[in-house]
Amino acid sequence: MKSIIITGGAGFIGSHVVREFVNKYPNYQIVNLDALTYAGNLENLKDIEELPNYKFVKADITDLDKILEIFKAYLPDGVIHLAAESHVDRSIKNPAAFVMTNVVGTVNLLNAAKEIWNGHFDGKRFHHVSTDEVYGSLGEVGLFTENSRYEPHSPYSASKASSDHFVRAYHDTFGLPVVLTNCSNNYGPHHFPEKLIPLCIHNILHGKPLPIYGDGKFTRDWLFVIDHARAIDLVYHKGKNGGSYNIGGFNEWQNIDLVRELCKQMDEKLGRPAHTSEQLITFVKDRPGHDLRYAIDATKIHRELGYSPTVTFEQGLSKTIDWYLSNQEWLNRVTSGDYQQYYKMQYNG
Ligand code: NAD
Ligand code: TYD
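Here is a short report on the structure shown in this document. A quick note: this is a predicted structure, and the numbers were derived from the prediction, not measured. (Residues numbered from 1 in each chain as written. Chains lettered and ligands numbered in written order. Predicted model: local features only at pLDDT ≥ 70, side-chain atom pairs only at ≥ 80, totals over all residues. Heavy atoms only, no water.)

### Description of the overall build of the protein chain
- Across its full length, the protein chain carries twelve helices and twelve strands.
- Taking 2.2 N^0.38 as the reference for a compact globule, 349 residues should give roughly 20 Å; the C-alpha atoms of the protein chain span a radius of gyration of 20 Å, in line with that estimate.
- On the principal axes, the C-alpha backbone points of the protein chain span a range of 60 × 45 × 40 Å.
- In the protein chain, the proportion of contacts linking residues at least 24 apart, taken out of those at least 6 apart, comes to 82%.
- A total accessible area of about 14600 Å² is found for the protein chain, and carbon and sulfur atoms account for 51% of it.
- Charged side chains of the protein chain number 35 positive and 41 negative; the gap between the two group centres comes to 1 Å. (Helix = DSSP H or I, 4+ residues; strand = E, 2+ residues; numbered from the N terminus. Rg over C-alpha atoms; globule rule 2.2 N^0.38 Å. Contact = heavy atoms within 4.5 Å. Areas by Shrake-Rupley, 256 points an atom, 1.4 Å probe, with all protein chains shown as cover. Lys, Arg positive; Asp, Glu negative; His and termini not counted. Charge placed at Lys NZ, Arg CZ, Asp CG, Glu CD.)

This is how it looks when you write it as C-alpha cells:
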C-alpha cells in the first residue's frame, strides 16, 4: 500500500485534495498532517474520517523533530504539501509567522523527505503546492507562464516564492524528486470567510457592508477548488520530475464585477428583490502593495497532461453559494471567537 502525507489537509484546498485522494485511491494510505490553526477544521472532512485509508495526525511543520518522527512512522512514498499561512492581509500584519510556516516549515518537510528516502528516489515524489502570486502583478495585458519572473510583493507571496526556491534547490542539489504547481485564486465550499468570496457571502447573509479595497478594479483569475484538487492529482501522478505547472481556467474577474455577480445570484437564491445586496457594497481603504492583476496561462498543463477545468464560473459560484446556504452552522462556528477580533482589526481599524 502506498502512503502519502498531505500537509494542510484540514484547510480549504487541502480538505478537497484529501477527499479526492481518499475516495479515488482506496489502495493509498492518506495521512493528513495539520496543526489545526484558525484555518484548519476537521469538520471539513467529516464525510471521510471513518474510511480505513484515512488518518489524521496533528503536528506543526515548524517542529522538525516531530515531523521526522511522523515521517519515520509512516514512511511516505509521497508528500503533497499545502500547509501554509495563506492570507495576504494577515501577512501584512505579521510577516514573521509566514516565514516560519511557509519557509522554515517547507524546508523541514524537504529535510524529512530527504532523510527517509536517503537517495532511493524511485517511486517517490514531493509535490509542493504554490500560488500564482509569486509572479507578482500583471499590467492590463499578458499572462503568467511557468517562465515568468518571480517578483512577489506581499510578505505572503514572498514567503511562498522563497519556499518554491527551496523546493527547486533540493531537486537541483540533492536530486529530490519534486514537482511544483502554481495555481490562481480558488473558491468553493469550506473557504474561510477572511477571503473575498466567502466574506461577501457571509456579509450578504447578515446584511453587513461588503468591503471593496480601493476602486475595485483589481483583477483575479478564479478556479473552482475541486478543479484544483483534480489538477493536483494529475500533476502528482504524471507531472515531469523537477517540473512546474501553472493551474488555472482562464477566468478573470475584476473584484467589483465579481461581487456584483455574487450579489445578483444571492438575491435570486434568497428571494430578495433584485439589487438588494448590491447596496451593501462599500469602498474601503486599499490594501498596501495590492497587486493589480493575476492571470494564469494554463496552456502547459492542458497540452502536456490534458487538464481542463470541469466547472464554469457561473456553475461553480452557484454551487458555492448553495453550499454556504446549506451550511450556515459551519459559517457561524468559524466566524465566532477569534474571527470577530480579526474582523474588527482588519475592517474597523
Ligand atoms: P488555508 O489557510 O485554508 O489552510 C491552511 C492549512 O494549513 C490549515 O488547515 C492550517 O491548519 C494548516 N497549517 C497552517 N500552518 C501550519 C503549520 N505550521 N503546520 C501544520 N499545518 C499548518 O489555505 P488554503 O487556501 O487551503 O491554501 C492551501 C495551499 O494552497 C497553500 O500552500 C496556499 O499557498 C496554496 N494556494 C492557495 C490558493 C487559494 O486561492 N486559497 C491559491 C493557490 C495556492
Ligand atoms: P483575497 O480573497 O484575499 O485573495 P488574494 O489577495 O490572495 O488574491 O482577495 C481577492 C481580491 O479581493 C484581492 O484583489 C483583494 C480583494 N479584497 C477586497 O476588495 N476586500 C476584502 O475584504 C478582501 C478580503 C479582499
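Structure's up, so let's keep going.
### Points about the site of ligand 1
- In the vicinity of ligand 1 lie 28 residues, with Ile13, Asp34, Ser86, Tyr156 and Lys160 positioned nearest.
- Within the backbone of Gly11, one N or O atom sits 2.9 Å away from an oxygen atom of ligand 1.
- Across the complex, the protein chains shield 96% of the 830 Å² of accessible surface that ligand 1 would expose by itself.
- Split by residue class, the shell around ligand 1 holds 14 nonpolar, eleven polar and three charged. (Near = heavy atom within 4 Å. Polar contact = N/O pair within 3.5 Å; in protein donor to acceptor, adjacent residues only side chain to side chain. Nonpolar A, V, L, I, M, F, W, Y, C, P; charged D, E, K, R; others polar.)

### Re the pattern of salt bridges
- This structure, assessed with the given rule, holds 16 salt bridges.
- The salt bridge involving Glu194 is made with Arg90; its shortest N-O contact spans 2.6 Å. Here the residue Glu194 occupies a position in the loop between strand 7 (185-187) and helix 6 (196-206), and Arg90 occupies one in helix 3 (residues 88-93), the gap between them amounting to 104 residues. Like Arg90, Glu194 is buried.
- Note that Glu194 is salt-bridged to Lys195, the shortest N-O span being 3.8 Å. Lys195 carries the same exposure label as Glu194, and that label is buried. (Salt bridge = Lys/Arg side-chain N within 4 Å of Asp/Glu carboxyl O. Buried < 20%, exposed > 50% of the residue type's maximum accessible area, 1.4 Å probe, protein only.)

### Brief notes about the site of ligand 2
- If you check the shell around ligand 2, you find 17 residues, and the closest are Glu133, Arg220, Arg287, His290 and Tyr347.
- A distance of 2.9 Å separates an oxygen atom of ligand 2 from a polar atom in the side chain of Asn185.
- At 2.6 Å from an oxygen atom of ligand 2 is found a side-chain nitrogen or oxygen belonging to Tyr347.
- Within the complex, 97% of the 510 Å² of free accessible area of ligand 2 lies under protein.
- The dominant element in the shell around ligand 2, judged by the number of residues it contributes, is strand 8 (residues 210-213), at three residues.
- For the shell around ligand 2, the class distribution of residues is eight nonpolar, four polar and five charged.

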